[in-house]
Amino acid sequence: MRFYVNMYTLNAAFVGKVLLVFDELPSTNDYARLIANEVQTQEGTVVQTSRQTSGRGQMGAVWESAPGTNLTLSVILQPTWLRADQQFHLSKVVALAVYDTVQEVTEPLPANFSLQVKWPNDILLNGKKIAGILIENTISGAYLGISIAGIGLNVNQQTFSPALPMAGSLVQLTGHTFDTDHLAQRLFAHLELRYLQLRGGATDLLHTDYLARLLGYREHRHFELLPEGTQVEGMITGVDEHGRLVVENAGAEQKFGLKEIKMLL
Ligand code: BTN
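About the cut-offs
- Residues numbered from 1 in each chain as written.
- Predicted model: local features only at pLDDT ≥ 70, side-chain atom pairs only at ≥ 80, totals over all residues.
- Heavy atoms only, no water.
- Helix = DSSP H or I, 4+ residues; strand = E, 2+ residues; numbered from the N terminus.
- Buried < 20%, exposed > 50% of the residue type's maximum accessible area, 1.4 Å probe, protein only.
- Areas by Shrake-Rupley, 256 points an atom, 1.4 Å probe, with all protein chains shown as cover.
- Lys, Arg positive; Asp, Glu negative; His and termini not counted.
- Charge placed at Lys NZ, Arg CZ, Asp CG, Glu CD.
- Pairing = 2+ DSSP bridges.
- Axes fitted to C-alpha atoms, helices over the stretch in contact; angles between N-to-C directions.
- Phe/Tyr/Trp six-rings, centres within 6.5 Å; stacked < 30°, edge-to-face > 60°.
- Lys NZ or Arg CZ within 6 Å of the ring centre and 35° of its normal.
- Salt bridge = Lys/Arg side-chain N within 4 Å of Asp/Glu carboxyl O.
- Contact = heavy atoms within 4.5 Å.

Student: What exactly am I supposed to notice about the overall build of the protein here?
Tutor: Looking only at helices and strands, one finds 5 helices and 13 strands in the protein. Taking the principal axes of its C-alpha atoms as reference, the protein extends roughly 55 × 45 × 35 Å. Burial status across the protein gives 52% buried among its 265 residues. Accessible surface, the protein: about 12300 Å² in total, of which carbon and sulfur atoms supply 51%. The averaged location of the 26 negative side-chain charges in the protein is 1 Å from the averaged location of its 20 positive side-chain charges.

Student: When you look at the sheet that holds strand 10 (residues 231-239) in this model, what are you seeing that I'm missing?
Tutor: Picture the strands of a sheet paired through backbone hydrogen bonds; they go either parallel or antiparallel. Read from one edge of the open sheet, 5 strands run 12-11-10-9-13, paired in antiparallel fashion. Edge positions in the sheet fall to strand 12 (252-256) and strand 13 (261-263), since each of these pairs with one other strand and no more. With direction set aside, neighbouring strand axes in the sheet form an average angle of 50°.

Student: What is the right way to look at the packing of aromatic side chains in this model?
Tutor: When we look at a pair of aromatic rings, we describe it by the centre distance and by the angle of the planes. Applying the stated criterion to the full structure yields 4 aromatic pairs. Ring plane angle 90° and centroid distance 5.8 Å describe the contact between Phe88 and Tyr210, whose orientation is recorded as edge-to-face. Taken together, the positions of Phe88 in helix 2 (residues 88-106) and Tyr210 in helix 5 (residues 203-213) put the pair 122 residues apart, joining distant regions of the chain. For Phe88, a relative accessible area of 10% gives the class buried. Take Tyr210: its relative accessible area is 0%, and that puts it in the buried class. Here the aromatic cluster, defined as three or more aromatic residues joined through ring pairs, consists of Phe14, Trp81 and Tyr195. For the cation-ring pair, Arg83 lies above Tyr143, with the distance from its terminal atom to the ring centre recorded as 5.7 Å.

Student: Help me understand the pattern of salt bridges, please; the structure alone is not making it clear to me.
Tutor: Oppositely charged side chains can form a pair if their charged atoms are brought close together. For the structure shown, the criterion picks out 12 salt bridges. Here Glu24 and Arg51 are joined by a salt bridge, their closest N and O atoms 3.9 Å apart. Of the two residues, Glu24 is situated in the loop between strand 2 (18-22) and helix 1 (28-38) and Arg51 in the loop between strand 3 (46-49) and strand 4 (71-77); the sequence distance between them amounts to 27 residues. Exposure remark for Arg51: the relative accessible area of 38% places this residue in the partly exposed category. We note a salt bridge from Arg56 to Glu136, for which the minimum N-O separation is 2.9 Å. Placement of the pair is Arg56 in the loop between strand 3 and strand 4 and Glu136 in strand 7 (residues 128-140), with a sequence separation of 80 residues. Of the residues examined, Glu136 reaches a relative accessible area of 24% and is grouped as partly exposed.

Student: I keep staring at the environment of Leu73 and nothing clicks. Help me out?
Tutor: Within the secondary structure, Leu73 sits in strand 4. Once the C-alpha coordinates of Leu73 and Gly150 are considered, the two residues, 77 residues apart in sequence, prove to be 5.8 Å apart. Apart from the residues within four sequence positions on either side, Leu73 is in contact with Thr28, Val46, Val47, Gln48, Ala149, Gly150, Ile151, Leu187 and Phe188.

Right under this line is the structure:
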């Protein structure tokens, strides 16, 4: 394990200041949780590895990442000031930070390229998922305790398993390789900025920014209702404070949780 007190952070004061880098880990989220529970960790401590052997995704999925090519890291946050029932704000913060980072490093994106957030917090470049986010929280009373924000950003991976037809990477889509250390530093800076916006109460701004980047927002789309698999049409008209997707169909609005609906691409 390499331990850094980050001397070259590009504008981040606490996110990534303590950076724990491992050659291999089963899951950075699991390791971050372990150390956050066992020792007093500084807020913003990052656990990173270039080879994650049991990476976890949302809803029990596996997160695959070719060794030495991508970013797989977890940030330990302590949003003890955020009510547990408002935790979706944190999801927006992390999604926007990843979005901001990709936007910055790919600038200027060709006009026919699209960078979007797919509800709840996937990052898509030209319709391909280039990043996934897994946030795991502890709750203390009505408030959050420790949040582990796990981020997998596909950077220089050239090919993906045929079992993952929606997966893509920055190199595949832009034709350029990227310096993963630089990307990580920019991600820390953007995450810090968005997190401080939330801590400062800028929830309206975060919500507006999130909706402005949301795939399918106010567009006519097809959805699949889960678990039954029925297909419906509708328009996303919002995301409520609990993170539920609001879909309008025939003049009526309905709200759906993560396990209840899937947008068809
Ligand atoms: C998703 O399913 O979209 C979420 C994927 C999250 C993957 C990241 S990689 C770093 C961190 N450690 C994990 O085990 N998972 C997250």
